[in-house]
Amino acid sequence: MISDVKENSTEIVIYLEEKNEVPGEYSNMKVESKGFYDPVVVQDFPVRGKKLFLNIRRRRWIVKEDGHYVSRNWKLVAEGSRMTHEFASFLKELY
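Note that this is a predicted model, so its numbers are computed, not measured. (Residues numbered from 1 in each chain as written. Predicted model: local features only at pLDDT ≥ 70, side-chain atom pairs only at ≥ 80, totals over all residues. Heavy atoms only, no water.)

Concerning the overall build of the protein
Part 1 of the reasoning: When helices and strands are tallied, the protein shows one helix and seven strands.
Part 2 of the reasoning: When the elements of the protein are put in sequence order from the N terminus, they spell out β-β-β-β-β-β-β-α.
Part 3 of the reasoning: Taken across its 95 residues, the protein has 27% of its residues classed as buried.
Part 4 of the reasoning: The contacts in the protein between residues at least 6 apart in sequence include a share of 52% that link residues at least 24 apart.
Part 5 of the reasoning: In the form shown here, the protein has an accessible surface area of approximately 6900 Å², with 50% of it arising from carbon and sulfur atoms. (Helix = DSSP H or I, 4+ residues; strand = E, 2+ residues; numbered from the N terminus. Buried < 20%, exposed > 50% of the residue type's maximum accessible area, 1.4 Å probe, protein only. Contact = heavy atoms within 4.5 Å. Areas by Shrake-Rupley, 256 points an atom, 1.4 Å probe, with all protein chains shown as cover.)

Given below as structure tokens:
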């Protein structure tokens, strides 16, 4: 869910916050929301000549039975970069 958008003359930052919906693989367990991990900033395709950054806050839950933390498995960020998979693939094709 979009929680905020900030824009200046050179960049746009969209703040995204994961909804408080327990991941499906943990829906049969007793879990409790325990806030967020540190935000991750991902660079995406430019918009109207401005850099675009996605500031993503991922939720975490604690499994009450054994006390370990769980989260949704996001394969959003390309390995070894701070960009989305699509943007990284686009850049690879250019070079």
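Text resumes after the structure shown.
Thoughts on the packing of aromatic side chains
Two aromatic rings, taken as a pair, are described by how far apart their centres are and by the angle between their planes.
Part 1 of the reasoning: Throughout the structure, instances matching the rule amount to zero aromatic pairs.
Part 2 of the reasoning: Just above the ring of Y37 sits the side chain of R60; from NZ or CZ to the centre is 5.5 Å.
Part 3 of the reasoning: The side chain of R60 reaches across the aromatic face of Y69, ending 4.9 Å from its centre. (Phe/Tyr/Trp six-rings, centres within 6.5 Å; stacked < 30°, edge-to-face > 60°. Lys NZ or Arg CZ within 6 Å of the ring centre and 35° of its normal.)

Here's the deal with the environment of F53
Part 1 of the reasoning: With respect to the secondary-structure elements, F53 resides in strand β5 (residues 50–57).
Part 2 of the reasoning: When the C-alpha positions of F53 and I14 are compared, they lie 6.3 Å apart, and in sequence the two are 39 residues distant.
Part 3 of the reasoning: If near-sequence neighbours (up to four positions away) are discounted, F53 is found in contact with E11, I12, V13, I14, V41, V42 and Q43.

Focus: the pattern of salt bridges
Part 1 of the reasoning: In the structure shown here, the tally under the stated rule is four salt bridges.
Part 2 of the reasoning: K50 is paired through a salt bridge with E7; the nearest N and O atoms lie 2.5 Å apart. Residue K50 is located in strand β5, and its partner E7 is located in strand β1 (residues 2–7); the two are separated by 43 residues in the primary sequence.
Part 3 of the reasoning: Here K34 and E32 are joined by a salt bridge, their closest N and O atoms 3.5 Å apart.
Part 4 of the reasoning: The exposure class assigned to E32 is partly exposed, which follows from its relative accessible area of 30%.
Part 5 of the reasoning: Here the residues in one salt-bridge network are E32, K34 and K64, joined through shared partners. (Salt bridge = Lys/Arg side-chain N within 4 Å of Asp/Glu carboxyl O.)

A few points about the sheet that holds β1
Part 1 of the reasoning: With respect to topology, four strands assemble into an open sheet ordered β1-β2-β5-β4, the strand pairing being mixed. Two strands lie at the open edges of the sheet, namely β1 and β4 (40–47), each paired on one side alone. Each neighbouring strand pair of the sheet contributes to a mean axis angle of 20°, computed without reference to strand direction. (Pairing = 2+ DSSP bridges. Axes fitted to C-alpha atoms, helices over the stretch in contact; angles between N-to-C directions.)

Describing the sheet that holds strand β3 (residues 31–36)
Part 1 of the reasoning: If you trace the three strands from one edge of the open sheet to the other, you get β3-β6-β7, paired in antiparallel fashion. The open sheet is flanked by β3 and β7 (69–70), the only strands paired with a single partner.
Part 2 of the reasoning: Where strand β6 (residues 59–63) lies against β7, two bridges are found, and the strand directions are antiparallel. Considered in β7, the bridge of I62 is made with Y69.

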